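Topology and contacts: notes
One-letter residues, chain by chain:
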Amino acid sequence: MSEDSGTARPSRLAVGLPASGAWQEGDPAGDRRFFTLDTKRPFVLESGDSLDSVTIAYETWGTLDSDGSNAVLICHALTGDAHAYDPHLSKRGWWQSVIGPGEAIDVDRYFVVCANVLGGCQGSTGPASLNPATGRRWAASFPPVTIRDMVRTQARLADHLGVKRWLCVVGGSMGGMQALEWGAMYPARVRSIAPLAVGCSASPWQIGWSAVGRAAIAMDPRWRGGEYYDAEPGDGPHEGLALARAVAQITYRSDELFAERFGRSLVRPNEQFGLWDRFGVEGYLDYHGEKLVRRFDANTYLLLNKSMDTHDIGRGRGGLQRAVARIAVPVLTVSISSDTLYPPRQQTELRDLLVAADGDCRYVLLESPHGHDGFLVETRAVSAALAEFLESVEKDHTAPGTG
């Protein structure tokens, strides 16, 4: 009989994991730089709440031209951070094969910036940060933020860096939401945008999956209503965060990929009938859950995941058509053929709305079995699309086509 045949599900996470994987003051800064917004007045959020102090962690690569015309902003997805590229190769960036010398986003040619979003946990002000009013972690009391709030802090960072107008704002998934909002909020401050694998608004399907992931965290008794930062190693909300990641990881990939990679393989050969015996795909989900626990924060996951649900560029702008009509610059939108979370119909809707508003849009469909994560995995194809798009934007201010 398998050792997993008992009724209680055994934990698959390592012993002694930190209660939070958030970066804290005193930790090595790495290549992070920090920008604190003007503290003379509070930063008012879209919800009406405000923050008296906001710090944004960011990284840059390359040199800004004297006329400031070569700046590219990279926007990260839900569990990303500012470390999109590592010139030292000591810790690969999450888009290492897209950014770098000679790559699509060439750091010898462009001044490249990536910032950890407001509400993040890798140096920017968020739930794991100290609330200056109490001296304690914000935890679950951190006010709700939206994609527009994130973009407004990025605009302040651009001012600080001397960037008056981005050559392009690029991002996938939650990063694509930011790129879209840059086009709608600051059309005079961008020359182009490239929202990848994203739609104009969060769909009920996406919201449903997100709600399940958040519930998994909230139902973990070690979440403690968000007050877990003083917990000993191994006593944080690891199970809930890992389960939320497992749910998300399934939606990020595809049935085709899982079938090809795992089939019906077992973690332990000849053990499959015990209640907690595992198939190979379950081991894969455990691995990614633990990996996230080591570098992320449960309260941050809740906050940013909810911000994605509120994504709707038509909100308060008279609907999608009017909102899209505000985007007065060339747009590149990319679909992944097997993406069921942000399916190609969402990107073609964006293209059609832009074309109907006499806008400029290039649409690229990537054939890939990697699902939503294709914008991170299919770096060669994504790079080819971005390189061609950026080349055309640099040549003139007209669209590269409406493919």
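Above: the structure in question.
The text that follows walks through the structure, step by step, so that each part is easy to find.

We now examine the overall build of the protein chain. A tally of regular secondary structure across the protein chain gives 11 helices and 10 strands. Taken over the C-alpha trace, the protein chain has a radius of gyration of 21 Å; the compact-globule value for 403 residues is 22 Å, and the two agree within 12%. Along the first, second and third principal axes, the C-alpha atoms of the protein chain reach 70 × 50 × 45 Å. Looking at the protein chain as a whole, 57% of its 403 residues qualify as buried. Across the protein chain, the fraction of contacts at a sequence separation of at least 24, relative to all contacts at a separation of at least 6, is 75%. In the form shown here, the protein chain has an accessible surface area of approximately 17,400 Å², with 51% of it arising from carbon and sulfur atoms. For the protein chain, the distance from the average position of its 40 positive side-chain charges to the average position of its 49 negative side-chain charges is 3 Å.

Before going further, it helps to spend a moment on the pairing of strand β7 (residues 168-172). Counting buried residues along β7, 5 of its 5 residues qualify, which places the element largely inside the surrounding structure. With 4 bridges connecting them, strand β5 (residues 71-75) and β7 associate as parallel partners. Note on β7: the bridge partner recorded for leucine 73 is valine 169. Both β7 and strand β8 (residues 193-196) contribute to a ladder of 4 bridges, which runs parallel. From the neighbouring strand, glycine 171 faces β8, where its bridge partner is proline 195.

Ranked by internal contacts, the top residues of the largest apolar core, which has 76 residues, are Trp166, Val169 and Tyr301. The element contributing the most residues to this core is helix α1 (residues 147-161), with 7 residues. Counting residues in each nonpolar core, the second largest holds 30 residues, with Trp95, Cys114, Leu196 and Val364 among its members.

What follows deals with the packing of helix α3 (residues 204-218) against helix α7 (residues 298-309). Where α3 contacts α7, the axes come no closer than 10 Å and their chain directions differ by 165°. Our classification of the angle between α3 and α7 gives roughly antiparallel. The element α3 and its partner α7 pack so that their crossing is left-handed. On α7, the residues touching Gln206, Ile207, Ser210, Arg214 and Ile217 of α3 are Ala298, Tyr301, Leu302, Asn305, Lys306 and Asp309. Considered class by class, the residues forming the contact of α3 with α7 number 5 nonpolar, 3 polar and 3 charged.

A word on the environment of glycine 120. Position of glycine 120 among the secondary structure elements: in the loop between β6 (111-115) and α1. Once the C-alpha coordinates of glycine 120 and aspartate 230 are considered, the two residues, 110 residues apart in sequence, prove to be 19 Å apart. Look past the residues within four positions of glycine 120 in its chain and what remains in contact with it is Thr125, Gly126, Pro127, Thr300 and Leu304.

With that settled, the discussion passes to helix α9 (residues 344-356). Between its terminal C-alpha atoms α9 stretches 18 Å, which fits the 18 Å expected from 13 residues at 1.5 Å a residue. Taken together, the buried positions of α9 are occupied by Pro344, Gln346, Gln347, Thr348, Leu350, Arg351, Leu353 and Leu354. Taken together, the buried residues of α9 touch α2 (174-185), β8, α3, α8 (320-325), β9 (331-336) and β10 (361-366). The positive-phi residue at the C-terminal boundary of α9 is aspartate 358, with phi of around 60°.

Another aspect to go through is the packing of aromatic side chains. Counted according to the given criterion, the structure contains 12 aromatic pairs. Ring plane angle 80° and centroid distance 5.9 Å describe the contact between tryptophan 61 and tyrosine 85, whose orientation is recorded as edge-to-face. With tryptophan 61 in strand β4 (residues 55-61) and tyrosine 85 in the loop between β5 and β6, this residue pair connects regions lying 24 residues apart in the sequence. Under the relative-accessibility criterion, tyrosine 85 is labelled buried at 8%. Geometrically, the ring pair formed by phenylalanine 296 and tyrosine 301 is edge-to-face, given 6.4 Å between the ring centres and 85° between the ring planes. There is no split in this pair, since phenylalanine 296 and tyrosine 301 are both buried.

About the criteria used
Residues numbered from 1 in each chain as written. Predicted model: local features only at pLDDT ≥ 70, side-chain atom pairs only at ≥ 80, totals over all residues. Heavy atoms only, no water. Helix = DSSP H or I, 4+ residues; strand = E, 2+ residues; numbered from the N terminus. Rg over C-alpha atoms; globule rule 2.2 N^0.38 Å. Buried < 20%, exposed > 50% of the residue type's maximum accessible area, 1.4 Å probe, protein only. Contact = heavy atoms within 4.5 Å. Areas by Shrake-Rupley, 256 points an atom, 1.4 Å probe, with all protein chains shown as cover. Lys, Arg positive; Asp, Glu negative; His and termini not counted. Charge placed at Lys NZ, Arg CZ, Asp CG, Glu CD. Pairing = 2+ DSSP bridges. Core = buried A, V, L, I, M, F, W, Y, C linked by side-chain atoms within 4.5 Å. Axes fitted to C-alpha atoms, helices over the stretch in contact; angles between N-to-C directions. Parallel < 35°, antiparallel > 145°, perpendicular 65-115°, else oblique. Left-handed = near helix turned anticlockwise from the far one by under 90°. Nonpolar A, V, L, I, M, F, W, Y, C, P; charged D, E, K, R; others polar. Expected span 1.5 Å × (residues − 1). Phe/Tyr/Trp six-rings, centres within 6.5 Å; stacked < 30°, edge-to-face > 60°.

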